[in-house]
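# Report on the structure
Chain by chain, the residues:
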Amino acid sequence: MDDKRAQWGSKFGFILAAAGSAVGLGNIWKFPGKAFEGGGGAFLLMYLLIVPLIGMPAMLSELSIGRASQSNVVDAFGKLGHKGYGWTGWMGWAVAFIITCYYSHVGGWVLRYVFSYAIESQKVYADPLGYFYGMLGYDPAAEATFMPWLVLLFALIFMAICAFVIIKGVEDGIERFNKVGMPALFLILIVLFVRAATLPGAMEGLRYMLSLDMAKVTPQTFLIALSQAFYSLSLGMSIMVTYGSYLPKSEDIAKNTFLVCTMDTLVAVIAGFIVVPAVFATLGPDGVGKGGGFAFVSLAGVFEHMPGGAFFGFLFYLLLLFAALTSSVSLIEGIVAFLIERKGWKRTPTTLVTCGVMFLIGCLYTCSQAAFPLKGIWFDFANGVTFPPLCDAMEFLTDRIMIPLGALGCCVFVGWSWKPESAIAEVERCGVRFRLAKAFGFLIKFVAPAAVILILCVSLFTGTTLS
Ligand code: TRP
């Protein structure tokens, strides 16, 4: 690994790994909540426009930068002759770091739910919301808070598994995970969709997801859809640069981009069509507050009304755990690969120390969900300085500011400095002509940067959060 850059073991390996990186908690835990917040149909429409017009060109750019430079995130731009873009790589590195802090903790919640369905599904069904809060250190009945030791332990276990995979290296670890997990997750999602959609009361939720509420077509919803798309596709933090650098020259990047983006979007949309109707069916339209607990809480209603529900619940969370693991492994791989190459540090201690630090910071995230009123700080021109819960502030900072900026950096780099022609040449190295080259050039030069800048600015001035 140190003398020669690692490469994916098989043709299929990369697609699986990239899809494994993309498909994760973002699709199943975040997407449905955002779709609900963003008015259902309105959000869905924006999302489905953003993925092909901005997401795909951005992913193609990151992959080609990686493969052309054969380098880690931070040095990639310099190797291609444009040191000035180093900040994009640095920021990508920083975002991956912050995200992993909380991602690994939500992974811990998922691990907790694997056990919950295995041993105490009745408890989950009896009071889904209370159970979720209880996990996070808040007892609604007694209105008391406590230190959520158990779930922190689960998060630690989750992080330890990731560290183990990372230490074992790229091919063995990441590839093996994805081969079985991904298709299985997809199958179970289809089963859950059928069950959720046929629950009494679910129709209203389906209608919500399919109707266009014009009042929700606002810059804020656009920002949320844009940031969700980048997040879900693992863009904007140059992770795909790292992955691209492991890709053999014979691979067709354009085709891979298309496949990965399509799979990821499909999973997110299906998850939206499971969770949102389930919320309507079980808790009513305003049943759950938005955000964190959405998918955890509402799915209990689906499993409860399903033959073998506890088993399906167990299986679902187990597969979600796989999805979360592959994503988080890919995040950490980006962070660690950089430290190893740049600083010449050893793989094992570097992984252990970074994972340890990220776990500790993540504890603040989990504890600020419900147990302790830890606050972060936030600013936009419409609302001035505000103090949202720390967990929200962390997600706002990464999703709504840093990721879009990181993605913008890559788009501008490819569109204006390195030039689309170089990216196209890199794509065509596999020997296949890139038929959408013209469209790609136009999107990456004009459409993607303009859209990101516009959405960011308008949102900063009119409010970055939905009221
Ligand atoms: N895409 C992942 C998900 O949907 C999360 C994620 C965001 C990610 N950025 C990433 C994963 C970078 C790996 C690398 O859950």
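Please refer to the structure higher up on the page.
Residues numbered from 1 in each chain as written. Predicted model: local features only at pLDDT ≥ 70, side-chain atom pairs only at ≥ 80, totals over all residues. Heavy atoms only, no water.

## Overview of the pattern of salt bridges
Filter applied, for reference: Whenever a carboxyl oxygen of Asp or Glu lies within 4 Å of a side-chain nitrogen of Lys or Arg, that contact is scored as a salt bridge. Only runs of H or I of at least four residues qualify as helices and only runs of E of at least two qualify as strands under DSSP, and these elements are numbered from the N terminus. Using a 1.4 Å probe on the protein chains alone, a residue whose accessible area is under 20% of its type maximum counts as buried, one over 50% counts as exposed, and one in between counts as partly exposed.
The final tally for this structure, using the stated rule, is nine salt bridges. Put simply, Lys30 and Asp399 hold a salt bridge, and the shortest N to O gap is 2.4 Å. Residue Lys30 is located in helix α2 (residues 25-37), and its partner Asp399 is located in helix α17 (residues 390-417); the two are separated by 369 residues in the primary sequence. Given the relative accessible area of 4%, Lys30 is considered buried. Connected through shared salt-bridge partners, Arg67, Lys249, Glu426 and Arg429 make up one network.

## Topic: the site of the ligand
The criterion, for reference: The rule for a residue being near a molecule or strand is that one of its heavy atoms must lie within 4 Å of it. A 3.5 Å cut-off defines polar contacts: any pair of N or O atoms within that distance qualifies, except that in protein one atom must be a possible hydrogen donor and the other a possible acceptor, and neighbouring residues in sequence count only when both atoms are side-chain atoms. For the area figures, the Shrake-Rupley method with a 1.4 Å probe applies, and any residue is considered shielded solely by the protein chains shown.
Taken together, 15 residues sit near the ligand, with Ala22, Gly26, Tyr103, Tyr231 and Ser330 positioned nearest. Within the backbone of Leu25, an N or O atom sits 3.0 Å from an oxygen atom of the ligand. Within the backbone of Gly26, one N or O atom sits 2.7 Å away from an oxygen atom of the ligand. With the chains in place, 100% of the 360 Å² that the ligand exposes on its own is no longer accessible.

## Let's talk about helix α15 (residues 309-343)
Residues that lie three or four places apart on an α-helix share one face, since the helix turns once every 3.6 residues. The following threshold applies: Expected span, for any helix, means 1.5 Å times one less than how many residues it has.
End to end, α15 covers 50 Å across 35 residues, agreeing with the expected 51 Å (1.5 Å per residue, within 8%). With 25 of 35 residues buried, α15 lies mostly within the body of the structure. Phi for Gly344, located one or two positions after α15, is positive at around 70°.

## Things to note about the packing of helix α11 (residues 219-232) against helix α19 (residues 437-462)
Applicable threshold: Between N-to-C directions, angles cover 0 to 180 degrees, with each direction set by a line fitted to C-alpha atoms, over the stretch in contact for helices. These descriptions rest on fixed angle ranges, namely under 35 degrees for roughly parallel, over 145 for roughly antiparallel, 65 to 115 for roughly perpendicular, and the rest for oblique. Crossings are classed by handedness, with left-handed meaning an anticlockwise turn of the near helix from the far one by less than a right angle and right-handed meaning a clockwise turn. Contact criterion: two residues are considered in contact whenever any of their non-hydrogen atoms come within 4.5 Å of each other.
Orientation of α11 relative to α19, taken along the N-to-C sense of each, is 130°, at an axis distance of 9 Å. In terms of axis orientation, α11 runs oblique to α19. Between α11 and α19 the crossing geometry is left-handed. Contacts from Pro219, Gln220, Phe222, Leu223, Leu226 and Phe230 of α11 reach α19 at Val452, Ile455, Leu456, Val458, Ser459 and Thr462.

## Digging into a nonpolar patch on the surface
Heads up, the condition is: In this analysis, a patch consists of residues with relative accessible area above 30% that form no salt bridge, clustered at 9 Å for like charges and at 5 Å for the nonpolar side chains Val, Leu, Ile, Met, Phe, Trp and Tyr.
Residues Leu45, Leu49, Leu53, Leu212, Met214, Val217 and Phe222 make up a contiguous nonpolar surface patch of about 620 Å² in total accessible area. With three residues, the single largest contributor to the nonpolar patch is helix α3 (residues 41-69). Residue classification places Val217 among the partly exposed positions, given a relative accessible area of 36%.

## Examining the packing of helix α8 (residues 149-168) against helix α16 (residues 347-367)
Helices that pack against each other are described as a pair by the angle of their axes relative to one another and the distance between those axes. Stated formally: In the scheme used here, Gly and all other residues not listed as nonpolar or charged are polar, with Ala, Val, Leu, Ile, Met, Phe, Trp, Tyr, Cys and Pro taken as nonpolar and Asp, Glu, Lys and Arg as charged.
Interhelical geometry of α8 versus α16 gives an angle of 155° and a closest axis separation of 10 Å. The angle between α8 and α16 falls in the class roughly antiparallel. Every pair of crossing elements has a handedness; the one defined by α8 and α16 is right-handed. Along its contact with α8, which presents Val151, Leu152, Ala155, Leu156, Met159, Ala163, Ile166 and Ile167, the element α16 presents Arg347, Thr348, Thr351, Leu352, Cys355, Met358, Phe359, Cys363, Thr366 and Cys367. A breakdown of the residues in the contact of α8 with α16 according to their chemical character gives 14 nonpolar, three polar and one charged.

## Here we look at the side chain of Ser328
Structurally, Ser328 is set in helix α15. The class of Ser328 is buried, set by a relative accessible area of 0%.

## A few points about the environment of Met182
By secondary structure assignment, the location of Met182 is in helix α9 (residues 170-197). Expressed as a C-alpha distance, the spacing of Met182 and Val23, which sit 159 residues apart in the sequence, is 8.5 Å. Setting aside residues no more than four positions away along its own chain, Met182 makes contact with Ala19, Gly20 and Val23.

## Details of the side chain of Thr257
Positionally, Thr257 belongs in helix α13 (residues 253-283). A relative accessible area of 3% means that Thr257 is categorised as buried. Apart from residues lying up to four places away in sequence, Thr257 is in contact with Met56, Met59, Leu60 and Leu63.

## Focus: unusual backbone geometry
Its identity as a non-glycine residue notwithstanding, Ser234 has a phi of 60°, on the positive side. With respect to the helices, strands and loops of the structure, Ser234 is situated in the loop between α11 and α12 (239-245). In this model, Lys419 sits at a positive phi of 80°, which is unusual for a non-glycine residue.

## Describing the packing of aromatic side chains
Heads up, the rule is: Here a Phe, Tyr or Trp ring, Trp counted by its six-membered ring, pairs with any other such ring whose centre lies within 6.5 Å, and the pair is stacked when the planes are under 30 degrees apart, edge-to-face when over 60, and tilted otherwise. A positively charged side chain is recorded as over a ring if its NZ (Lys) or CZ (Arg) lies within 6 Å of the ring centre. The angle to the ring normal must also be within 35 degrees.
By the definition in use, this model includes 40 aromatic pairs. One residue, Lys30, lies across the ring of Tyr231, its end atom 4.1 Å from the ring centre.

## Topic: the nonpolar core
Formally: Residues grouped as a nonpolar core are buried Ala, Val, Leu, Ile, Met, Phe, Trp, Tyr and Cys residues, joined through side-chain atoms within 4.5 Å.
One finds Ile65, Trp109, Phe316 and Tyr317 to be the most contacted residues of the largest nonpolar core, which totals 165 residues. Beyond its immediate chain neighbours, meaning those up to four positions away, Tyr317 contacts Val110, Tyr113, Val114, Tyr117, Ala295, Phe296, Leu299 and Phe303.

## So, helix α18 (residues 420-428)
Going by this rule: The directions considered for the arc are those from the helix axis to the C-beta atoms.
For α18, the set of buried residues is Pro420, Ala423, Ile424, Glu426 and Val427. Looking down the long axis of α18, one finds its buried residues gathered within 160° of arc, a one-sided arrangement. Contact partners of the buried residues in α18: α3, α13, α17 and α19.

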